Amino acid sequence: MREKFTSELKAAMKAGDRARVDAIRMITAALKDKDIEARGAGRQVGEDDILALLQKMVKSRRESLEIYEKAGRADLADKEAGEIVVIESFLPSPLGEAEVEAAIEAAIASTGAASIRDMGKVVAALKGAYAGRMDFGKASAKVKARLG
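The notes below deal with the structure included here. Everything numeric in this text was worked out from a predicted model, so none of it was measured. (Residues numbered from 1 in each chain as written. Predicted model: local features only at pLDDT ≥ 70, side-chain atom pairs only at ≥ 80, totals over all residues. Heavy atoms only, no water.)

Bringing the side chain of Asp 35 into the picture now. Relative to the helices and strands, Asp 35 resides in helix H2 (residues 18-41). Relative accessible area serves as the criterion here: at 19%, Asp 35 is assigned to the buried category. With residues near it in sequence (within four places) discarded, Asp 35 still touches Arg 2 and Val 45. (Helix = DSSP H or I, 4+ residues; strand = E, 2+ residues; numbered from the N terminus. Buried < 20%, exposed > 50% of the residue type's maximum accessible area, 1.4 Å probe, protein only. Contact = heavy atoms within 4.5 Å.)

In structure tokens:
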């Protein structure tokens, strides 16, 4: 994935796409911060960590976009929307609603979850299998409703 960031950055620089260059540089800077944090903890940053970072960045930008739209700042809202598009281009395609339901059912069956106390095991199984492809906030609510 790191190589993809580098190659996309080079392509954007050659094309003169300033907004894409800025967004990819922002991603690589966040990734370097994550590397430093992980090194301090004595571990490596894996693909799942990168996908989680990208999802977090998209979520943050969506929140900012909403705030800017409410404040009437179209210029800042457009910038955030552009960054969201660039970041999402590196994420795998998200699961559809039916696929999320099927994944939750499979995770419940595979973990043997029977009650709300097993929710953590189910969500952990989903995160391991579907990192970057599912909104785990919404998925957690569905798991809770299913087990509760």
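Our focus in this paragraph is the packing of helix H6 (residues 119-130) against helix H7 (residues 136-147). Where H6 contacts H7, the two axes come as close as 10 Å, and the packing angle between them is 140 degrees. Between H6 and H7, the angle is such that the two are oblique. Here the hand of the crossing between H6 and H7 comes out right-handed. In contact with Met 119, Val 122, Val 123, Leu 126, Lys 127 and Tyr 130 of H6, H7 contributes Phe 136, Ala 139, Ser 140, Val 143, Lys 144 and Leu 147. Grouping the constituent residues of the contact of H6 with H7 by class yields 9 nonpolar, 1 polar and 2 charged. (Axes fitted to C-alpha atoms, helices over the stretch in contact; angles between N-to-C directions. Parallel < 35°, antiparallel > 145°, perpendicular 65-115°, else oblique. Left-handed = near helix turned anticlockwise from the far one by under 90°. Nonpolar A, V, L, I, M, F, W, Y, C, P; charged D, E, K, R; others polar.)

Turning our attention to the packing of H2 against helix H3 (residues 47-71). Between H2 and H3, the shortest axis-to-axis distance is 11 Å and the interhelical angle comes to 125 degrees. With respect to their mutual orientation, H2 and H3 come out oblique. For the element pair H2 and H3, the recorded crossing hand is right-handed. In this structure, H2 contributes Met 26, Ile 27, Ala 30 and Leu 31 to the contact, and H3 contributes Ile 50, Leu 53, Leu 54, Met 57 and Arg 61. Its residues assigned to classes, the contact of H2 with H3 comprises 8 nonpolar, no polar and 1 charged.

Here we come to the packing of aromatic side chains. One pair of aromatic rings is described through two measures. These are the centre distance and the angle between the planes. As enumerated under the stated definition, the model contains 1 aromatic pair in all. Aromatic pair Phe 5 and Phe 90: ring centres 4.8 Å apart, planes at 70 degrees, arrangement edge-to-face. With Phe 5 in helix H1 (residues 2-15) and Phe 90 in the loop between helix H4 (74-88) and helix H5 (97-111), this residue pair connects regions lying 85 residues apart in the sequence. As far as burial versus exposure is concerned, Phe 5 and Phe 90 are alike and both buried. (Phe/Tyr/Trp six-rings, centres within 6.5 Å; stacked < 30°, edge-to-face > 60°.)

Relative to the helices and strands, Ser 140 is located in helix H7. You can call Ser 140 buried: its relative accessible area is 19%.

Along an α-helix, residues three or four positions apart point the same way, because every turn accommodates 3.6 residues. With 25 residues, H3 should reach 36 Å at 1.5 Å per residue; the first-to-last C-alpha distance of 36 Å fits that figure. Among all positions of H3, only Ile 50, Leu 51, Leu 53, Leu 54, Met 57, Val 58, Arg 61 and Leu 65 are buried. Against H1, H2 and H4 lie the buried residues of H3. Immediately downstream of H3, the backbone of Gly 72 shows phi near 75 degrees, a positive value. (Expected span 1.5 Å × (residues − 1).)

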